[in-house]
2 protein chains.
Amino acid sequence: MLHVFGHTNPDTDAISAALVYANLLSRQGVAAQAFRLGELNFETQFVLKELGLEAPSLLPELPAGAAVALVDHNESAQSTANLAQLDVQRVVDHHKLGDLTTAAPPYLRFEPVGCTGTILLKLHREANLSVEPREAKLMLSAILSDTLHFRSPTTTPEDREAAAFLAPIAGIQNVEEYALAMFAAKSDLGNTPADTLLKMDYKVFPFGDPVKPHQWGIGVIETTNPGYVFGRQAELLAAMDTAKANDDLNGVLLSVVDILNGTNRTLVLSATEEKVLQEVFGVSTHGQVADLGQRISRKKQIVPALEKYFAPES
Amino acid sequence: MLHVFGHTNPDTDAISAALVYANLLSRQGVAAQAFRLGELNFETQFVLKELGLEAPSLLPELPAGAAVALVDHNESAQSTANLAQLDVQRVVDHHKLGDLTTAAPPYLRFEPVGCTGTILLKLHREANLSVEPREAKLMLSAILSDTLHFRSPTTTPEDREAAAFLAPIAGIQNVEEYALAMFAAKSDLGNTPADTLLKMDYKVFPFGDPVKPHQWGIGVIETTNPGYVFGRQAELLAAMDTAKANDDLNGVLLSVVDILNGTNRTLVLSATEEKVLQEVFGVSTHGQVADLGQRISRKKQIVPALEKYFAPES
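From a predicted model like this one, the values you see are computed outputs, not experimental measurements. (Residues numbered from 1 in each chain as written. Chains lettered and ligands numbered in written order. Predicted model: local features only at pLDDT ≥ 70, side-chain atom pairs only at ≥ 80, totals over all residues. Heavy atoms only, no water.)

A. Structural view of the pattern of salt bridges. Enumeration according to the criterion identifies 31 salt bridges over all chains in this entry. With a closest N to O distance of 3.1 Å, A:Lys122 and A:Glu158 form a salt bridge. Placement of A:Lys122 in helix α3 (residues 116–126) and of A:Glu158 in helix α5 (residues 157–170) is noted, with a sequence separation of 36 residues between them. Here B:Glu111 makes a salt bridge to B:Arg109, at a shortest N to O gap of 3.0 Å. Note on accessibility: B:Glu111 and B:Arg109 belong to one class, buried. One salt-bridge network, in which partners are shared between bridges, spans A:Arg109, A:Glu111, A:Lys122, A:Glu126 and A:Glu158. (Salt bridge = Lys/Arg side-chain N within 4 Å of Asp/Glu carboxyl O. Helix = DSSP H or I, 4+ residues; strand = E, 2+ residues; numbered from the N terminus. Buried < 20%, exposed > 50% of the residue type's maximum accessible area, 1.4 Å probe, protein only.)

The structure is reproduced here in structure tokens:
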């Protein structure tokens, strides 16, 4: 049985893609089950509740050689701990190819689009399989989530076409309204501890010399209610300070993305990060907040610029 | 412009896939040109002559950052020397995933089928593009070559279906006859120097401990005329001895595959290789030849067994 799962700190695409791909494989005669690598965020909880679906089970520790399919990620740092011991038979992803290797020829399907859901819709069409309403809503939700309803610069025409195709099947007449409800759910952060807020969508990136890299932890909170997040600024900065010390990092940032305005104001921990943001983006930091303007995609607008800044001179 | 190429020591699939994929991309509006990474073997020369086609140009040394598409391979050891400096935007392949990484999200299409041509036919169908007779004959030839006209255990039902679909478009009424003509061309080795014969379809495999691996060079000659090859046994063993010394290898084998009978008799250089073949396959060596029976696929039947034999105990 193939274990299908997305990345740690799962977002809506990671969960949706695991569910949809496991179902697609099952329909094609490949025994498969969806799993998750962590707790669901509030947006994903909202989507599953809309559909009356249970969350997939937490992935158990798999024995060496177990057959797995990865969705929405491929790098070991974002996957289950013993990935190198597992038999990766399939990957569907829209990220750069990292350190993955396989023992035998795999099925790989990577495309540079905004969302794994967009690729999964193509897989249905290529297999001449109808898209069920449940799968349509899962894929549509993932596309709206990953592209911030087409606001993110990662959006491609294929993502827009996929969403337009899926909405009527999913029974969603007003996509704008549905996206707003998803984003509102995501933004209803309640009493979530500051450390959880920081780590909800958080990745550590090694920049520069691969042997002795600059390790930067970069979190993102996408919200329709940035006021709430900045109201907890002191707590969040304390959580960032703890993460920096515990994980021996060189820098920590937390980008607060205002979904509706498409802007990014980033919490800056210390003079180290302040200097780098000044030199990379030409922005000043005031009261530990740097205004990064319309740079709302970590993947396309933040990480590549830092990668270039720290790249060893050749 | 995207440079499209297959592996070094190109075979019919490596050349055919580069030509067909470059043409497919061009039809889809992506500027692309096919290249080769070495001299054509006699089978591939025959196929191109049948079609009145020139061989693709030898790949020039590309500047760092040049955009490339790999077909029928993905590992740096089988590719152009400075692959790590190039921008790999696309890969279509049917081998295990090796050491490839990319700087940005790529297009990857891997399937565990017998031939890259089988995947390329799917890409045409998925894009609703007709298959031109020239492309059909290139893909069909690659499938017949890689699967030894369905004799190899790497053959899948999809390869058979693809060939059955392509033959009428290619204008080939008798596939058996065409395959025999291809194999005869491949077997007409004439005055080819022994070192060239050894290296025509030759790969070096690192077995066991990745830090201090056992390096084995394994060549394959697929032929309808094994008598010719064994007539040159002394010369070939001398070429194997030279390769072992020059490349600091732990073992060298040359498998002579009788295409029509589906059998493999392998030239064995020394007592070292003899002992390993005895322990791995339980076969004895007589007069520096080991009868490996129906193990005609290096990829599926020889390399995995040696990999297992040399694997460090865990």
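Read on, since the account is not over.
B. Expanded view of the relation of the copies chain A and chain B. In the superposition of chain A on chain B (RMSD 0.1 Å, axial shift 0.0 Å), the rotation amounts to 180°. Accordingly, the operation relating the two chain copies is best matched by a two-fold axis. Identified as the residue of chain A closest to the rotation axis by C-alpha distance is A:Arg109, at 2.6 Å. By residue overlap, the copies meet face to face through one surface: 100% of the interface positions of chain A are interface positions in chain B. (Least-squares fit on C-alpha atoms with pLDDT ≥ 70 in both. Contact = heavy atoms within 4.5 Å.)

C. Spotlight on the UniProt feature "domain: DHHA2" (unreviewed entry) in chain A. The sites that UniProt annotates as "domain: DHHA2" (unreviewed entry) are residues 179–310 of chain A. Helix makes up 45% of residues 179–310 of chain A and strand makes up 27%, while its end C-alpha atoms are separated by 37 Å. (UniProt positions renumbered as here; feature names shortened; annotations may be inferred.)

D. Structural view of the sheet that holds strand β10 (residues 263–268) of chain A. Residue and element names in this part refer to chain A. Read across the sheet, 6 strands follow the order β7-β8-β9-β10-β12-β11 without closing on themselves; strand pairing throughout is mixed. The sheet terminates laterally at β7 (202–207) and β11 (285–286), the two strands that pair on one side only. Across 6 bridges, strand β9 (residues 251–258) lies against β10 in antiparallel orientation. Its bridge partner being in β10, Val256 is matched across the sheet by Arg265. The sheet contacts of helix α9 (residues 233–246) involve β7, β9, β10 and β12 (289–291), and relative to β9 the element is tilted by about 145°. (Pairing = 2+ DSSP bridges. Axes fitted to C-alpha atoms, helices over the stretch in contact; angles between N-to-C directions.)

E. Structural view of the pairing of strand β2 (residues 32–36) of chain A. Residue and element names in this part refer to chain A. Burial within β2 is extensive, with 4 of its 5 residues counted as buried. Looking at chain direction, strand β1 (residues 2–5) and β2 are connected through 4 bridges and run parallel. Opposite Phe5, over in β2, you have Phe35 as the bridge partner. Between the parallel pair β1 and β2, the chain is carried across by helix α1 (residues 12–27), and the sense of this crossover is right-handed. Where the polypeptide runs from β2 across helix α2 (residues 42–51) and back to strand β3 (residues 57–58), its parallel neighbour, the crossover connection is right-handed. (Right-handed = clockwise from strand over helix to strand, strands pointing away.)

F. Region of interest: the interface of chain A and chain B. Each partner contributes residues to the interface: chain A has 20 residues there, and chain B has 20 residues. Summing both partners gives a buried area of about 1800 Å² for chain A against chain B, and 63% of it is carried by carbon and sulfur. A per-residue breakdown of the area chain A buries against chain B is headed by A:Leu97, A:Pro105 and A:Leu108, which together make up 31% of the total. Where chain A touches chain B, the interface holds 0 salt bridges. Between the two partners, chain A and chain B, sit 4 residue pairs in polar contact (both at pLDDT 80 or more). Take the side of chain A that touches chain B: its biggest share by element is 4 residues, from strand β6 (residues 107–110) of chain A. Judged from the 3 bridges that link them, β6(A) and strand β6 (residues 107–110) of chain B form a sheet pairing that is antiparallel. Among the inter-strand pairings, A:Arg109 is bridged to a residue of β6(B), identified as B:Arg109. (Buried area = accessible area lost by both parts, 1.4 Å probe. Polar contact = N/O pair within 3.5 Å; in protein donor to acceptor, adjacent residues only side chain to side chain.)

G. Local environment of the packing of aromatic side chains. All names here are of chain A. Inspection of the entire model under this criterion finds 10 aromatic pairs over all chains. Both rings, one in Phe205 and one in Phe207, keep their centres 6.1 Å apart while their planes meet at 5°; by these two values the pair is stacked. Taken as a pair, Phe205 and Phe207 share a single burial class, namely buried. Aromatic pair Trp216 and Phe310: ring centres 5.8 Å apart, planes at 50°, arrangement tilted. (Phe/Tyr/Trp six-rings, centres within 6.5 Å; stacked < 30°, edge-to-face > 60°.)

H. A look at the side chain of B:Ser297. Its location among the elements puts B:Ser297 in the loop between β12 (289–291) and α11 (298–310). Those residues in contact with B:Ser297, other than ones at most four positions away along the chain, are B:Ser152, B:Pro153, B:Thr154 and B:Ile302.

I. Highlighting the packing of α3(A) against α5(A). Residue and element names in this part refer to chain A. At a closest axis distance of 9 Å, the pairing of α3 and α5 adopts a crossing angle of 60°. Considering only the axes of α3 and α5, their crossing is left-handed. Facing α3, whose interface residues are Thr118, Leu121, Lys122 and Arg125, α5 presents Glu158, Asp159, Ala162, Phe165 and Leu166. Residues belonging to the contact of α3 with α5 are distributed by class as follows: 4 nonpolar, 1 polar and 4 charged. (Left-handed = near helix turned anticlockwise from the far one by under 90°. Nonpolar A, V, L, I, M, F, W, Y, C, P; charged D, E, K, R; others polar.)

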